[in-house]
Amino acid sequence: MKQFFTLFVITVLSSSVSWACSCFGESNFCSSITSEFSSPPDLIVSAKKVEDYYYGMQVEVIEVIQGETDRDTLVVWGDNGALCRVNTSQFEIGQTLILALQDTDFSGNIITTGFPPDLEGEGDYQLSVCGIYFLSLDNGIVNGQIDTETNQMTYEDFKDVACLVSGIPPVPEIIVELIPNPADSKIDLYFWNSQPYPLTFKVFDAIGRLVIATAPQEMSIQKTIDISYLENGVYVLYVENEEQFSSLRFVVTR
């Protein structure tokens, strides 16, 4: 099972709550996108930064390397001062990059740190800081820690490296939707494919503590989980059986 080593440290100052992120990830690009201990990307592209956008950036897609998108420009969210994401302001306008992106988890809509709420939308992406998920691309040369031994190669050679040829790890076969998210007292799970084996459900908090666990259960198409006793924060739900699994991140807020 995948383990996410993410730590949210909460400091309470009078009536305000500030969040800081500390996480552990792989030390090179290939390991980050393939390791079972890292969050796999949903899309890998070469792209040019067009403009800064609040705590993220808009990029123009040059080429889709792995994954699928029909968009010419993408919104990529970074760190707003409290998220486990890359500070995208470090990239210059016009800079070209290799980006391994994950679908946004909408964390910036919950932990706003003074930014307008609801900036992150469907179809947006995020750039994780828990590993190496970007490389620079300059005049046809890719620079950065590509793997344990390589920090530079041509763009054409880069597209043929083993970690890209093998592709993004396949989407887990348990297809499940979690709503609502954010949630306050319960979450409902809806399964969109048949479940031949009993399922177990485990919920971990942001520092990796197991807070909910169930025995294997025969499932139909829907399950409700009581979260009324959980504190506000970010959680990861694991759904698994003998052969498959899925993980979903959700936020509890009241």
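## Some thoughts on the environment of F191
Moving on, step 1. Here F191 lies in strand β12 (residues 186–191).
Moving on, step 2. Put simply, F191 and Q222 are 31 residues apart on the chain and 6.2 Å apart in space, counted from C-alpha to C-alpha.
Moving on, step 3. In contact with F191, other than residues within four places in its own chain, are I174, I175, V176, L199, F201, M219, S220, I221, Q222, K223 and V239.

## Details of the environment of F158
Moving on, step 1. Relative to the assigned elements, F158 resides in helix α3 (residues 155–158).
Moving on, step 2. For F158, a relative accessible area of 0% translates into the label buried.
Moving on, step 3. As for F158 and I146, which are separated by 12 residues in sequence, their C-alpha atoms are 8.6 Å apart.
Moving on, step 4. Residues within four places of F158 in sequence aside, it is in contact with F29, I65, I98, L135, V142, I146, M153 and L164.

## Describing the sheet that holds strand β17 (residues 245–252)
Moving on, step 1. Reading across the sheet, the 4 strands line up as β14-β13-β16-β17 and stay open at both edges, with antiparallel pairing between neighbours. Because the sheet does not close on itself, it has two edges, and the strands there are β14 (210–213) and β17. Neighbour-to-neighbour, the strand axes of this sheet turn through a mean angle of 20 degrees, independent of strand direction.
Moving on, step 2. Direction of pairing for strand β13 (residues 200–204) relative to β14: antiparallel, over a ladder of 3 bridges. In the sheet register, V203 faces β14, and the bridge partner there is I212.

## Here's the deal with the nonpolar core
Moving on, step 1. Residues F29, I98, L99, F158 and L164 are the most contacted members of the largest nonpolar core, which totals 33 residues.
Moving on, step 2. Only α1 (29–34), β3 (43–53), β4 (56–66), β5 (73–77), β6 (96–103), β8 (134–138), α3 and α4 (162–165) provide two or more residues apiece to this core.
Moving on, step 3. Considering each element in turn, this core owes the most residues, 5 residues, to β6.
Moving on, step 4. The residues contacting L99, other than those within four sequence positions of it, are L43, I44, V45, A47, M57, V59, L127, Y133 and F134.
Moving on, step 5. Judged by nonpolar contacts, the second largest core, of 21 residues, contains I174, L189, L199 and F201.

The rules behind these values
- Residues numbered from 1 in each chain as written.
- Predicted model: local features only at pLDDT ≥ 70, side-chain atom pairs only at ≥ 80, totals over all residues.
- Heavy atoms only, no water.
- Helix = DSSP H or I, 4+ residues; strand = E, 2+ residues; numbered from the N terminus.
- Contact = heavy atoms within 4.5 Å.
- Buried < 20%, exposed > 50% of the residue type's maximum accessible area, 1.4 Å probe, protein only.
- Pairing = 2+ DSSP bridges.
- Axes fitted to C-alpha atoms, helices over the stretch in contact; angles between N-to-C directions.
- Core = buried A, V, L, I, M, F, W, Y, C linked by side-chain atoms within 4.5 Å.

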